[in-house]
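A closer look at the structure
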Amino acid sequence: MKVAVISCIHGNIDALDAVLLDIDRHFAEKIFCLGDLVGYGPYPNEVVEKIRSLNIPTCGGCWDEDVVEGLNACDCSYPSLLAEKRGLVAHEWTNKQIEPENRDFLAQLPYILKEDNLAFVHGSPHSNHEYLLPEIDAFVALERVISSGADVLFCGHTHTPYFRNLDSGQLKIRVESNNLSEEKSFTASFKKIINAGSVGEPRHGRPNATYVIYDTESQEVILREVAYDYQKTCAAIIEKGLPPIFAWRLARGIEFAERADDPTHVCTR
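Residues numbered from 1 in each chain as written. Predicted model: local features only at pLDDT ≥ 70, side-chain atom pairs only at ≥ 80, totals over all residues. Heavy atoms only, no water.

In terms of regular secondary structure, the protein is built from eight helices and eleven strands. Here the contacts in the protein between residues at least 6 apart in sequence split such that 74% fall between residues at least 24 apart. Accessible surface computed for the protein: about 12,800 Å², of which carbon and sulfur atoms make up 49%. (Helix = DSSP H or I, 4+ residues; strand = E, 2+ residues; numbered from the N terminus. Contact = heavy atoms within 4.5 Å. Areas by Shrake-Rupley, 256 points an atom, 1.4 Å probe, with all protein chains shown as cover.)

Okay, structure coming up:
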């Protein structure tokens, strides 16, 4: 079966429509979404309504959670105070725009989805806010996959697509407790981490939307990149009163972050 995995749409309906059309062209039999339907982009209701209408299994993202429950407790989530102020503007704007039925939909999204040997999360099995970056330590990466209870872990949140094979073999760990040290070993089967990137706010250096197709039989991973009229979305961001920098970075496919004005404010999670 071909499975398409999308993530981080962020209120960008034009990018979502382009990706859904591309998925149809590649005959994917099922679609999963890794959350962050809202935030940054100008069309939060349209995106949520599209996902709802298509009955796409979706897990909750950090932006979805914030719109439902209010800003998260981690007040160091942004690289600078200025970036945090822009994020607050986007949060307040989205919070005012979102329709009650769409807010209710976001509120019931599960933290993790599973199907056979596949698991789907937004950030990681431990936290919606954790970034599973491509260069993450192999042992940590393997632990995250194992903790999901699956062989293949799909994640998003970083907005940069990648896939990584984790050929673990036999692992040894040392457990120390009450001045006693014990070495334990275990064998883990072949694992994968697959990051779907971002449909609506890519950060891989180009404005194109990204998503993943995974063949459950052959285990082939295809990282798809889809062009669309991003300039239309950029214009809507500005017209609707969102920070213009969101349009600037969308057009370039990068994350814009000023130097932190207070180093203690930088998130270390």
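Our focus in this paragraph is helix α4 (residues 81-97). Under the 1.5 Å per step criterion, the end-to-end length of α4 is 24 Å for 17 residues, consistent within 8% with the ideal 24 Å. Taken as a whole, α4 has its buried residues at A83, R86, G87, A90, H91, W93 and T94. Projected onto a plane normal to the axis of α4, the buried residues spread over an arc of 170° and lie on a single side. Across α4 from its buried face, at more than 90 degrees, point the exposed residues K85 and K96. Buried residues along α4 sit in contact with α2 (44-53), α3 (62-69) and α8 (244-252). (Expected span 1.5 Å × (residues − 1). Buried < 20%, exposed > 50% of the residue type's maximum accessible area, 1.4 Å probe, protein only. Arc of directions from axis to C-beta.)

In this section: a negative patch on the surface. On the surface, E46, E49, E99, E101 and D104 cluster together into a negatively charged patch. Residue assignment for the negative patch shows that the elements contributing at least two residues are α2 and α5 (100-107). Examined against the element boundaries, D104 turns out to sit in helix α5. Judged by relative accessible area, D104 falls into the exposed class, the value being 52%. (Patch = residues over 30% accessible without salt bridge, like charges linked within 9 Å, V, L, I, M, F, W, Y side chains within 5 Å. Salt bridge = Lys/Arg side-chain N within 4 Å of Asp/Glu carboxyl O. Lys, Arg positive; Asp, Glu negative; His and termini not counted. Charge placed at Lys NZ, Arg CZ, Asp CG, Glu CD.)

This part is about the packing of aromatic side chains. Tallying each qualifying case throughout the model produces five aromatic pairs. Aromatic side chains Y40 and F246 sit 5.2 Å apart centroid to centroid with 85° between the ring planes, which places their arrangement in the edge-to-face category. In this pair, Y40 sits in the loop between β2 (30-33) and α2 while F246 sits in helix α8, placing the two residues 206 residues apart along the sequence. Among the residues examined, Y40 registers a relative accessible area of 13% and is labelled buried. Site record: aromatic cluster; members linked through ring pairs are F32, F120, F154 and Y214. (Phe/Tyr/Trp six-rings, centres within 6.5 Å; stacked < 30°, edge-to-face > 60°.)

It is worth spelling out the sheet that holds strand β3 (residues 113-115) at this point. Spatial strand order, β3-β4-β5-β9-β6: five strands in an open sheet with mixed pairing. A single partner strand is all that each edge strand has here, and the edge strands are β3 and β6 (162-166). In this sheet, adjacent strand axes meet at a mean angle of 15° when their direction is disregarded. Bridging between β6 and strand β9 (residues 191-195) involves five bridges; their strand directions are antiparallel. Bridged to Y162 within β9 is N195. (Pairing = 2+ DSSP bridges. Axes fitted to C-alpha atoms, helices over the stretch in contact; angles between N-to-C directions.)

Our focus in this paragraph is unusual backbone geometry. Even without being glycine, F27 reaches a positive phi, approximately 60°. Structurally, F27 is set in the loop between α1 (13-25) and β2. Of note in the backbone geometry, D116 takes a positive phi value of approximately 55° without being a glycine. Here D116 lies in the loop between β3 and β4 (118-120).

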